[in-house]
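# Structural overview
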Amino acid sequence: MTRLLVVAEIVDGAVSPLTAEAVSAAASLGGDVILAVVGPDAGALAAQAAPAGVTEVVTVTAPGTDRDHEQMLHAVAALVADVAPEVVVAGFTIRSTAWAAALAERLDLAFVPDVVSLTAAGGEVTAERSIYDGRVRAEYAFPTGRPVVALVRAGSWPPAEPAAAAATRALEVDLPPSRVRAGELTRPSGDVDLTGSDVIFAVGRGVGSEENIAAFADIARRLGAGLGASRPIIDAGWLPAVHQVGQTGVTVKPKVYVALGISGALHHLAGMQHSKTIVAVNTNEDAPIFGYADVGAVADIHEVAEQLQALL
Amino acid sequence: MKVLVCVTQALEVSSYLEFTPDGTAIDAAFVSGSLNEADQNAVEEALALTADDGEVVLVSAGGDEAEEALRAGLTMGAHRALRVALSPAELADSRTVAAALSQAVADEQPTLVLTGVQASDTGGQSTGPALAAAADLPWATVVRSLASDGRTLTARREFEGGVSELVQVDLPALATVQVGANQPRYGTFKDKMRAKKAEIAVLTPVDLPTPRVVLTRMSANQAGGRTVQMVQGGPAEVAARILSIVREVQ
Ligand SMILES: Cc1cc2nc3c(=O)[nH]c(=O)nc-3n(C[C@H](O)[C@H](O)[C@H](O)COP(=O)(O)OP(=O)(O)OC[C@H]3O[C@@H](n4cnc5c(N)ncnc54)[C@H](O)[C@@H]3O)c2cc1C
Ligand SMILES: Nc1ncnc2c1ncn2[C@@H]1O[C@H](COP(=O)(O)O)[C@@H](O)[C@H]1O
């Protein structure tokens with residue numbers, strides 16, 4: 001490879017940690033790594049945003065928020081025209097998935113999301129994805145020779161170390177106004193802070209009903225543990241959103257995480273897989289969560305809850 | 001208002017699985033399919049938006065198996081369904097899928113196109129935005145709480161960490177519906193019978209782009225990375241073990 005374009009992700013005015021992983025992924029292919037920074041303060045951000053391995057930083061000053069996917073699409077399209085990369089790399093996130101496949105469609109590029117491995121040999125790029133709850137590894141080739149847009153999964157490459165700022169230049173782009181009008185922004189609020197808990201008991205859809213949650217809340221309280229939940233529990237209105245662990249909830253790293261009746265979907269794992277010890281209880285011995293747990297039990301969580309209450 | 005909902009069959013695989021001889025697909029004996037979870041939410045959202053007046057049309061790109069997803073959506077109450085014929089190789093590239101689906105959009109001229117946020121089996125989260133670009137519609141992703149006055153669509157977009165943003169786009173537009181956005185209705189037995197007999201129009205797409213992505217090989221994978229130690233015995237042993245692990249760190 002000769003030229004690789006990494007698109008930095010900006011969240012709340014800062015470059016997200018996943019960007020350094022995307023830089024690693026691109027650098028592993030060999031070649032010049034050009035980091036693109038798009039946003040209102042792109043110039044200022046560029047000064048901090050140069051993980052080791054970046055050859056050049058290109059900034060695009062754009063007025064919209066970091067959630068404006070149409071603006072990102074136009075900015076990255078201009079960057080692709082300017083840099084002429086063979087591979088475009090960005091993190092696989094809600095922000096990037098909003099523009100990346102649309103960009104590939106507009107520019108006639110190959111596209112692959114949620115990539116866990118990338119290689120380049122003899123000018124040919126190969127990507128691997130982990131699908132079907134991680135049970136299958138799939139390999140992809142890009143036979144048409146068009147540049148490849150690859151979105152990389154968090155945790156799949158070690159983040160590139162921070163380094164001194166690289167050479168920076170600004171690219172002027174004429175950005176059409178976005179057709180998406182943004183309104184009120186809501187942030188989670190509440191008196192529960194799971195990130196401070198050493199021990200978390202988390203319930204999933206296996207809990208069955210709202211009434212059944214009381215027993216687990218009681219066990220958590222008596223053990224001084226936090227009460228977490230998977231998303232369906234919040235969607236059903238059984239617990240407030242502050243209890244939700246996962247990609248669109250909180251990310252936790254307790255000493256012990258006990259997953260009760262949780263299958264282990266990627267979006268849930270994103271919020272808890274770095275816990276020190278993970279315990280999983282599930283009636284289904286095939287549940288993907290067991291692949292991410294240190295201690296597991298094929299058991300009914302209600303029966304386990306009864307026994308726990310008896311012991312406390 | 002006419003809502004076109006893109007639906008697909010999501011596959012579940014057993015923990016032991018085998019692949020087809022060419023190694024590019026899972027042997028059909030080891031998979032079962034059902035209407036993708038997020039697509040159920042999308043169909044529900046469409047039915048709610050058109051409750052007073054309107055039509056819900058379903059479209060799925062694929063072979064005969066795609067009709068199962070369509071019939072499941074018809075059972076929920078959608079009015080019509082069409083299938084865009086696509087081969088498995090063409091389905092591997094979200095761009096080809098989007099190009100095929102955009103022909104249904106051109107034919108139907110819907111006010112709103114909905115997709116699910118993701119296919120739960122392969123989780124690409126990309127067909128919606130690709131289709132929006134192919135059909136030249138404005139779009140919003142990972143939305144819930146959809147509302148429309150017939151000219152605009154208002155919805156709440158979700159982001160990582162519990163952040164959400166209210167967004168508005170002029171119609172026609174496309175939105176990808178978040179899993180759990182609503183409680184999908186079940187059809188009755190009668191609905192199911194009606195869906196079983198429903199005529200499904202088949203559209204043969206023309207001038208599809210060559211897939212730029214080719215799935216070359218599948219292999220079985222050990223998910224995770226930790227080695228799990230299973231607790232033997234009944235619930236009492238499991239409870240005792242959990243307590244001892246918790247007490248050790250307190
Ligand atoms: C963009 C996006 C963001 C998302 N963000 C999040 C997020 O932040 N957090 C999150 O959790 N999810 C999130 N999701 C949803 C995620 O994909 C899964 O749908 C969700 O995590 C599944 O929750 P679950 O494991 O509780 O339910 P299920 O997958 O339905 O699993 C329930 C489990 O309980 C077991 N079970 C049933 N009864 C019992 C019993 N009596 N005893 C023991 N076990 C039992 C079953 O075997 C099963 O494994 C997101 C999805 C998308 C598309
Ligand atoms: N073959 C298909 N036919 C119709 N719709 C599809 C197809 N594949 C994906 N979709 C839609 O696109 C959404 C996201 O899929 P994906 O990009 O594969 O995660 C799904 O929830 C469906 O609504």
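Quick look at the structure, then. Along each chain, numbering runs from 1 in the same order as the chain's sequence is written. Whichever chain is written first becomes A and whichever ligand is written first becomes 1, with later ones labelled in order. The predicted nature of this model means local features are confined to residues of pLDDT at least 70 and side-chain atom pairs, given and counted, to a pLDDT of 80 or more, with totals for whole chains, interfaces and linings taken over all residues. Side-chain descriptors were evaluated using all non-hydrogen atoms of the structure, hydrogens and water having been removed beforehand.

## As for the site of ligand 2
Residue and element names in this part refer to chain B. The cut-off we apply is this: Note on definitions. A residue lies near a molecule or strand when any single heavy atom of the residue is within 4 Å of it. Method for areas: the Shrake-Rupley scheme with a 1.4 Å probe, in which residue coverage is limited to the protein chains shown. Starting at the N terminus, helices and strands are each numbered in turn, a helix being any DSSP run of H or I of at least four residues and a strand any DSSP run of E of at least two. Gly is placed with the polar residues, together with every amino acid not listed as nonpolar (Ala, Val, Leu, Ile, Met, Phe, Trp, Tyr, Cys and Pro) or charged (Asp, Glu, Lys and Arg).
In the vicinity of ligand 2, 21 residues are found, and the nearest of them are Cys6, Asp39, Ala61, Ala119 and Thr127. Protein contacts shield 93% of the accessible area of ligand 2, which totals 480 Å² for the unbound molecule. Elements with a contribution of two residues or more to the shell around ligand 2: β4 (55-62), α4 (94-108) and β6 (112-116). No other element matches the 3 residues that β4 contributes to the shell around ligand 2. Residue classes in the shell around ligand 2 are distributed as 9 nonpolar, 11 polar and 1 charged.

## Concerning the site of ligand 1
Formally: In the analysis that follows, any N or O atom pair within 3.5 Å is treated as a polar contact, provided that within protein one partner can donate a hydrogen and the other can accept it, and provided that, for residues neighboring in sequence, both atoms belong to side chains.
Of all residues adjacent to ligand 1, which total 29 residues, the nearest are Ser230, Gln244, Thr248, Ser263 and Asn282 of chain A. Surrounding ligand 1 are residues belonging to chains A and B, so the site spans chains. Val245 of chain A places a polar main-chain atom, nitrogen or oxygen, 2.8 Å from a nitrogen atom of ligand 1. Between ligand 1 and Ile301 of chain A there is a distance of 3.0 Å, counted from a nitrogen atom to a backbone nitrogen or oxygen. Look at ligand 1: alone it shows 1,000 Å² of surface, and the protein chains cover 87% of it. Among the secondary structure elements, those contributing two or more residues to the shell around ligand 1 are α6 (231-235), α7 (266-269) and α8 (301-311) of chain A. Tallied by class, residues from the shell around ligand 1 come to 8 nonpolar, 18 polar and 3 charged.

## Comments concerning the sheet that holds strand β9 (residues 136-141) of chain A
This is how it is decided: Whether two strands pair depends on DSSP finding at least two bridges between them. Helix axes are fitted to C-alpha atoms over the stretch in contact, other axes to C-alpha atoms as well, and angles between N-to-C directions run from 0 to 180 degrees. Contacts: residue pairs with any heavy atoms within 4.5 Å of one another.
Spatially, 10 strands are ordered β11(A)-β5(A)-β4(A)-β1(A)-β6(A)-β10(A)-β7(A)-β8(A)-β9(A)-β12(B) in an open sheet, and the strand pairing comes out mixed. Either end of the sheet is taken by a strand with one partner, and the two such strands are β11 (167-170) of chain A together with β12 (214-220) of chain B. If you compare each strand with its neighbour and ignore which way they point, the axes differ by 35° on average. As defined by bridge partners, strand β7 (residues 110-121) of chain A adjoins strand β10 (residues 148-152) of chain A across 4 bridges and the pair is classed as parallel. Counterpart to Ala110 of chain A in the pairing with β10 of chain A is Val148 of chain A. Across the sheet, helix α4 (residues 94-107) of chain A is in contact with β1 (3-7), β6 (87-91), β7 and β10 of chain A; its angle to β10 of chain A comes to roughly 165°.

## Thoughts on the sheet that holds strand β13 (residues 229-230) of chain B
Strand order in the open sheet formed by 6 strands is β14(A)-β13(A)-β15(A)-β16(A)-β17(A)-β13(B), and the pairing between neighbours is parallel. This sheet does not close on itself; its edge strands, each paired only once, are β14 (226-229) of chain A together with β13 of chain B. Seen against the sheet, helix α7 (residues 235-249) of chain B touches β13 (199-203), β15 (256-260), β16 (277-282) and β17 (295-298) of chain A together with β13 of chain B and runs at an angle of roughly 160° to β16 of chain A.

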